[in-house]
Amino acid sequence: MKDILTAPFMVEMIRTATNMYDHGWDERNGGNISLMLSEAEVKEYLDTDAVIRAIPIGFSAPELEGKYFLVTGTGKYFKNVQYAPEVNLGVVRLADGGKTAELLWGYADGGKFTSEFPAHMMSHVARLAVDADNRVVMHCHPANLLAMTYVHSLDEREFTRTLWQMCTECIVVFPDGVNVLPWMLCGTNEIGEATAEKMATARLVVWSQHGIYGAGKDLDETFGLIETAEKAAEIYMKIAHLPIVQSITDDQMHQLEAHFGVKAREGYLD
Ligand SMILES: [Zn+2]
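Residues numbered from 1 in each chain as written. Predicted model: local features only at pLDDT ≥ 70, side-chain atom pairs only at ≥ 80, totals over all residues.

Draft legend 1. Structural context of the domain arrangement of the protein. Each domain of the protein was delimited in the assignment, giving domain 1 (1-115) and domain 2 (119-270). Computed from C-alpha coordinates alone, the two centres of domain 1 and domain 2 are separated by 25 Å. Across the contact, 22 residues belong to domain 1 and 18 residues belong to domain 2. Mapped by element, the contributors of at least two residues to the side of domain 1 that touches domain 2 are α1 (8-22) and β1 (32-37). Across the side of domain 1 that touches domain 2, the residue classes tally to nine nonpolar, nine polar and four charged. (Domains from an automatic or database assignment. Contact = placed C-beta atoms within 7 Å. Helix = DSSP H or I, 4+ residues; strand = E, 2+ residues; numbered from the N terminus. Nonpolar A, V, L, I, M, F, W, Y, C, P; charged D, E, K, R; others polar.)

Shown next, in the form of structure tokens:
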């Protein structure tokens, strides 16, 4: 059996969590990541019959029965992931109709997965329904996107259009736009269900006055998605209080669509 700390998925997870912390997106125990793994890649590093303990999830995700996830731990700090991955991360398999998580590795101090596990699992189900290649759900607190939810309309079309107008490449990176939830109590099944519903139509879901959820095929893509939206929000927060002399027009957006072969969300461009 190979050392799991050398597994490409583990190395990439540790680098991503560290990078997110370094970007200032994950203060204290803020943020969480879940990465779906294939049974074949897990078996290279772990005995999948050796369950350390079974952890009740508090909801059921029957669609994910038997699926494996590498997940950040509850109450854990992203800044510490690189120094003690086996304490701050865990590998779990969903069992019992998706009501239980079987721990196969990690959470070595007796911990468990992020308190946002319901939102993550429901979001995986929602994204897999529209994209069979989706593997990652990521949550963090980027300052400018968060700031925007205090001063900008939360209308999804308006919010998306503003971000698209802030950097030329935004519409190319997230043509599906950004969905927005109003303030809701976090850590609940309710916000999980609301997030998953929003994930059906976009890979980015803003939690007003809290942060953002991103989903994608791999850690790099998902990180890049949030990074691009956050850059756009940063430009917005730099210019929102200034007179706007020019911007990117809808005609120019259509040129970007044609040139890069992307299709903007229906009805979002004039
Ligand atoms: Zn959060």
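Having seen the model, we can carry on.
Draft legend 2. Local environment of unusual backbone geometry. Backbone geometry at Y107 places phi at a positive 45 degrees, although glycine is not the residue there. Within the element layout of this structure, Y107 appears in the loop between β5 (100-106) and α5 (117-130). Residue Y107 is classed as buried on the basis of its C-beta count, with 23 C-beta atoms lying within 10 Å. (Buried ≥ 20, exposed ≤ 12 C-beta atoms within 10 Å, placed from the backbone.)

Draft legend 3. Quick look at the sheet that holds strand β3 (residues 68-72). With respect to topology, nine strands assemble into an open sheet ordered β2-β5-β4-β3-β1-β6-β9-β8-β7, the strand pairing being mixed. In this open sheet, the two edge strands, each paired with only one partner strand, are β2 (53-56) and β7 (178-181). On average, adjacent strands in this sheet sit at an angle of 25 degrees to one another, irrespective of strand direction. By the bridge criterion, five bridges tie strand β6 (residues 136-140) to strand β9 (residues 211-216) in an arrangement that is antiparallel. Across the sheet, the residue bridging to C140 is I212, located in β9. (Pairing = 2+ DSSP bridges. Axes fitted to C-alpha atoms, helices over the stretch in contact; angles between N-to-C directions.)

Draft legend 4. Geometry of helix α7 (residues 156-166). Counting buried positions over the eleven residues of α7 gives nine, a clear majority of the element. Buried within α7 are the following residues: E156, F159, T160, R161, T162, L163, W164, Q165 and M166.

Draft legend 5. Expanded view of the nonpolar core. Judged by nonpolar contacts, the single largest core of 75 residues is most densely connected at I212 and A229. Sort the elements by how many residues they give to this core and helix α10 (residues 219-239) lands first, with eight residues. Looking at which domains feed residues into this core, each of domain 1 (1-115) and domain 2 (119-270) supplies at least three. (Core = buried A, V, L, I, M, F, W, Y, C linked by C-beta atoms within 7 Å.)

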